[in-house]
Amino acid sequence: MNILLSCAGGDHTITYPILQAVAEKHGPVGLVHVDAHTDTGDTALGEKIYHGTPFRRCVEEGLLDCTRVVQIGIRGSSYSPDPYKYCRDQGFRMVLADDVWFKSLVPLMAEVRQQMGEKPVYISFDIDGLDPSFAPGTGTPEIAGLTPSQALEIIRGCAGLNVVGCDLVEVAPIYDLSGNTALTAANLLFEMLCTLPGVESV
Ligand SMILES: [Mn+2]
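In short, a report on the structure. (Residues numbered from 1 in each chain as written. Predicted model: local features only at pLDDT ≥ 70, side-chain atom pairs only at ≥ 80, totals over all residues. Heavy atoms only, no water.)

### Side note on unusual backbone geometry
The phi angle of most residues is negative, glycine excepted, and most peptide bonds adopt the trans form.
Phase 1 of the analysis: Positive phi, normally seen in glycine, also occurs at Asp39, with a value near 55 degrees.
Phase 2 of the analysis: Its location among the elements puts Asp39 in the loop between β2 (29–34) and α2 (54–60).
Phase 3 of the analysis: Classification of Asp39 as buried rests on a relative accessible area of 5%.
Phase 4 of the analysis: Backbone geometry places Ala144, a non-glycine residue, at a positive phi of 65 degrees.
Phase 5 of the analysis: Mapped onto the elements of the fold, Ala144 is located in the loop between β5 (121–126) and α6 (148–156).
Phase 6 of the analysis: The class of Ala144 is partly exposed, set by a relative accessible area of 28%. (Helix = DSSP H or I, 4+ residues; strand = E, 2+ residues; numbered from the N terminus. Buried < 20%, exposed > 50% of the residue type's maximum accessible area, 1.4 Å probe, protein only.)

Here you go:
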């Protein structure tokens, strides 16, 4: 039986144990990762398990098929002069927010579908990938991010892929004074559920 998995966060750390379970069933998976940050730090505040480190832990444990990883919406401040080196060294495709400002992501997603092929794919959507004018209710906002319509182009562009699970993370209700972040997140998670193969029969 195929178990369809979707999770809501919360701290992006949750993707690490989720991908441990996913990889146990499917082997190393492709990843469509939408985020302002790469989340591939080694440690933070002396800790290995942190919301800025999950994908480095996943790489170290062989949970990802690194040539089938794309990170979209990456931007913002950094402590390193070359903050994306680790990701490129792993073979990730990096799509910086600057690269897609004011653009449709339909052509990008055609390339992503080629990259992912027919093998299992996981979608991890950090709400801070969106611009904080649309989704301010998050702990590490970064200006000049993706729009909701670009988010839909990404998610709908995953239709037809062998999506084995998804998450929507980093919504922080305490900062979501209008409730719009939760509304947007719920819609994005619904859209992701619609990409899961066979979801109409669940
Ligand atoms: Mn994140």
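Anyway, onward from the coordinates.
### Some details on the pairing of β2
Phase 1 of the analysis: Counting buried residues in β2 gives six out of six residues, a clear majority hidden from the surface.
Phase 2 of the analysis: Examined bridge by bridge, β2 and strand β3 (residues 64–74) share five bridges and lie parallel to one another. From the neighbouring strand, Leu31 faces β3, where its bridge partner is Val69.
Phase 3 of the analysis: For the crossover from β2 across α2 to β3, the handedness is right-handed. (Pairing = 2+ DSSP bridges. Right-handed = clockwise from strand over helix to strand, strands pointing away.)

### Some points on the pattern of salt bridges
Phase 1 of the analysis: Summed over all chains, the structure comprises eight salt bridges.
Phase 2 of the analysis: Between Asp42 and Arg57 there is a salt bridge, and its shortest N-O distance comes to 2.7 Å. Residue Asp42 is found in the loop between β2 and α2, and its partner Arg57 is found in helix α2; the two are separated by 15 residues along the sequence.
Phase 3 of the analysis: With relative accessibility at 30%, the residue Asp42 sits in the partly exposed group.
Phase 4 of the analysis: Among the salt bridges present, the one from Asp65 reaches Arg68, with a minimum N-O distance of 2.7 Å. Each member of the pair, Asp65 as well as Arg68, carries the same accessibility label: buried.
Phase 5 of the analysis: Ionic contacts of the salt-bridge type, sharing partners, join the residues Asp42, Lys48, Arg57 and Glu60 into one network. (Salt bridge = Lys/Arg side-chain N within 4 Å of Asp/Glu carboxyl O.)

### A few points about the pairing of strand β4 (residues 93–96)
Phase 1 of the analysis: Bridge analysis of β3 against β4 gives four bridges, and the strand direction is parallel. Looking across to β4, one finds that Ile72 is bridged to Val95.
Phase 2 of the analysis: Regarding the hand of the β-α-β motif, the stretch spanning β3, helix α3 (residues 85–90) and β4 is right-handed.

### Details of the sheet that holds β3
Phase 1 of the analysis: With parallel pairing, the six strands of this open sheet are ordered in space as β1-β6-β5-β2-β3-β4. At either margin of the open sheet sits one strand with a lone partner, and together these are β1 (5–8) and β4. This sheet shows a mean twist of 10 degrees between the axes of neighbouring strands, independent of strand direction.
Phase 2 of the analysis: Sheet strands touched by helix α5 (residues 106–116): β2, β3, β4 and β5. Its angle to β3, the strand with the most contacts, is close to 165 degrees.
Phase 3 of the analysis: Strands in contact with helix α7 (residues 180–195) are β1, β5 and β6 (163–169); relative to β6, the strand with the most contacts, it is inclined by about 175 degrees. (Axes fitted to C-alpha atoms, helices over the stretch in contact; angles between N-to-C directions. Contact = heavy atoms within 4.5 Å.)

### Observations regarding the environment of Pro173
Phase 1 of the analysis: Its location among the elements puts Pro173 in the loop between β6 and α7.
Phase 2 of the analysis: Between the C-alpha atoms of Pro173 and Gly139, which are 34 residues apart in sequence, the distance is 9.6 Å.

### Focus: the environment of Cys158
Phase 1 of the analysis: By the element assignment, Cys158 lies in the loop between α6 and β6.
Phase 2 of the analysis: For the pair Cys158 and Gly27, spaced 131 residues apart in sequence, the C-alpha to C-alpha distance is 20 Å.
Phase 3 of the analysis: Excluding anything up to four places from it in sequence, Cys158 contacts Val32, Met109, Ile123, Val163 and Thr195.

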